[in-house]
Amino acid sequence: MKKTALVLAGFMLAGAALSLTGCDNGGSIGKIDGNFKNEATKEQIYAATTDINMNQSFDTANGFGLELNTEFDFSVNTKTTYQNQTGESKVSGDLNAEYKFTAALPEGEQVPVFLGAGNFGMNMKMNNKIAGANTTTETKASANMYNDSQYVYLDAKFSDTPMTVKFSIEDLLGQIGGNGQLPGLPGEDELLPAPQAVGEATEGEDASDSENGTEYNLSTVLTKMQEQGFKVYLDTSKGVKVKVSTSQDMVNRILSQIELEVPTDALEFSACVFDIYMAFGEDGKFTQVGIDIDIAVSVDLEIEGAATSTSLTMKGGVSLKTYAGTVTLPEGIANDDKYELKSFN
């Protein structure tokens, strides 16, 4: 069950990679409310999270369900001056998505049944002003999405162009595989060191039984992240809520190892929220994870005689939580010929 632990830890790392400081909260759907005023010590982390075994944090005995929600607003403004001529462009838009997923093992069956349904929407507007001439283009996209145990189905519309396709889940998983490690971040071996045998504990840590004789307690992951430069905050008033941010040293280390098109010291941030949240119930079972984003950054550069000023803003978040409802697919979708099978090859 190592993959279960890596999914949770990887989600935290993906957001922490872009965390810029312990700024005010962005307030999006990714935020989990809690008392995160003071940074947790290693002793507090052990006391609160040692009993949360990430190998067993999902209650899957009778199947499980997950609900994903995403919403973002963004804009990019660019102004370029060259030989007394000025050009301006502005791109703005929003996107949102929601998806519900369930997995269940029918009585007497050996293979689980997977079902999912949701939707996606995006609006984008681009305005260019060059030599006094204005041009504006708009793009809209929307889709209904479904999955069963074999395929992902997409009934989409991009501007005025419809697209009805399906993809093999096996092919899709193959496309998103790989280690996915981000530059400047601790690797799997640093974040999740060789698992302990049951009964074998490191200093300050309690061992707990595990189905396969190894364990990945949340305390191990959080303290390793803390040692790598991340900041950890806890709220233990009801269950355990976790907030993860980065230190400035960690930010500098990440930026120094990413090959950006602009010098990192030219970036000026006026808003810099990128926080990762996790929540577990009083029984130690996973209930929610989220990313909360509010970023505003600008940069002024001169390239080949052209002075360019660019600003970017992004606000929104991602929320993944447990779901106890049911999922219903359109009747007969598995045999519907309108969904054209597509391959990634």
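These figures come from a predicted structure and were not determined experimentally.

A.B. asks: I'd love a proper account of the overall build of the protein chain, names of residues and values included.
C.D. replies: Assigned secondary structure in the protein chain consists of six helices and 14 strands. Of all 345 residues assigned to the protein chain, the portion counted as buried reaches 37%. In the protein chain, the share of contacts with a sequence separation of at least 24, taken over all contacts with a separation of at least 6, comes to 65%. Element-wise, carbon and sulfur atoms account for 49% of the exposed surface of the protein chain, whose accessible area totals about 19,600 Å².

A.B. asks: Explain the sheet that holds strand β3 (residues 113-130) to me, using residue names and the numbers behind them.
C.D. replies: Pairing is mixed in the open sheet, where 12 strands are placed in the order β9-β10-β11-β12-β13-β1-β2-β3-β4-β5-β6-β14. If you trace the sheet from one side to the other, it starts and ends with β9 (230-235) and β14 (340-342), each paired once. Taken pair by pair, the neighbouring strands of this sheet meet at an average axis angle of 15 degrees, ignoring direction. With 15 bridges connecting them, β3 and strand β4 (residues 133-147) associate as antiparallel partners. Paired with M124 across the two strands is T139, which belongs to β4. Sheet strands touched by helix α2 (residues 42-49): β9 and β10 (240-246). Its angle to β9, the strand with the most contacts, is close to 50 degrees.

A.B. asks: Please give an account of the pairing of strand β5 (residues 151-158) that cites residues and values.
C.D. replies: Examined bridge by bridge, β4 and β5 share seven bridges and lie antiparallel to one another. Bridge pairing in β5 places S142 opposite K157. A loop of three residues connects β4 with β5, the two strands running antiparallel in sequence. Between β5 and the antiparallel strand that follows it, strand β6 (residues 161-168), lie two residues; S159 among them carries a positive phi value of about 55 degrees.

A.B. asks: Outline the side chain of T223, listing residues and values.
C.D. replies: Position of T223 relative to the elements: it lies in helix α5 (residues 218-227). Taking the relative accessible area as the measure of exposure, T223 reaches 3% and is therefore buried. Beyond its immediate stretch of four places on either side in the chain, T223 contacts K42, I45 and Y46.

A.B. asks: Help me get a handle on the pattern of salt bridges, residues and values and all.
C.D. replies: Across all of its chains, the model carries eight salt bridges by this definition. Here D294 and K315 are joined by a salt bridge, their closest N and O atoms 4.0 Å apart. Within this pair, whereas D294 is found in strand β12 (residues 286-303), its partner K315 is found in strand β13 (residues 306-322), the two being separated by 21 residues in sequence. Among the residues examined, K315 registers a relative accessible area of 41% and is labelled partly exposed. Where salt bridges share partners, they join K42, K224 and E227 into one cluster.

A.B. asks: Got a sec to walk through the confidence of the model for the protein chain? Specific residues and values, please.
C.D. replies: Of all residues in the protein chain, 76% attain a pLDDT of 70 or more, and the chain-wide mean is 80. Confidence drops under pLDDT 50 across residues 178-186; counting only partners more than four residues distant or on other chains, this segment forms 19 contacts. The model gives residues 191-214 a pLDDT under 50, and that stretch makes 60 contacts with residues more than four places away or in other chains.

A.B. asks: Describe the environment of E88, listing the residues and the values that go with them.
C.D. replies: Note on placement: E88 falls in strand β2 (residues 85-104). Judged by its relative accessible area of 37%, E88 falls in the partly exposed class. With 42 residues separating them in the primary sequence, E88 and I130 have C-alpha atoms 6.5 Å apart. Ignoring any residue separated from it by four or fewer positions in sequence, one finds E88 in contact with T78, K79, N127, N128 and K129.

Scoring rules and cut-offs
Positions within a chain are numbered from 1, following the residues in the order the chain's sequence is written. Thresholds applied to this predicted model are a pLDDT of at least 70 for local features of residues and 80 or more for the giving and counting of side-chain atom pairs; totals over whole chains, interfaces and linings are not thresholded and use all residues. To obtain the side-chain values, all non-hydrogen atoms of the structure were included, while hydrogens and water were left out. Each helix corresponds to a stretch of at least 4 residues labelled H or I by DSSP, and each strand to a stretch of at least 2 residues labelled E; elements are numbered beginning at the N terminus. Three exposure classes are used, based on accessible area relative to the maximum for each residue type with a 1.4 Å probe and protein chains only: buried under 20%, partly exposed in between, and exposed over 50%. Contact criterion: two residues are considered in contact whenever any of their non-hydrogen atoms come within 4.5 Å of each other. Accessible surface area values rest on a Shrake-Rupley calculation with a 1.4 Å probe, where residue burial reflects the displayed protein chains alone. Two strands form a pair only when DSSP identifies at least two bridges running between them. Note on definitions: angles span 0 to 180 degrees between N-to-C directions of axes, and those axes are lines fitted to C-alpha atoms, for helices only across the stretch in contact. Here, a salt bridge means any side-chain nitrogen of Lys or Arg that lies within 4 Å of a carboxyl oxygen of Asp or Glu. Every residue gets a pLDDT, meaning the predictor's confidence in that residue, from 0 to 100.

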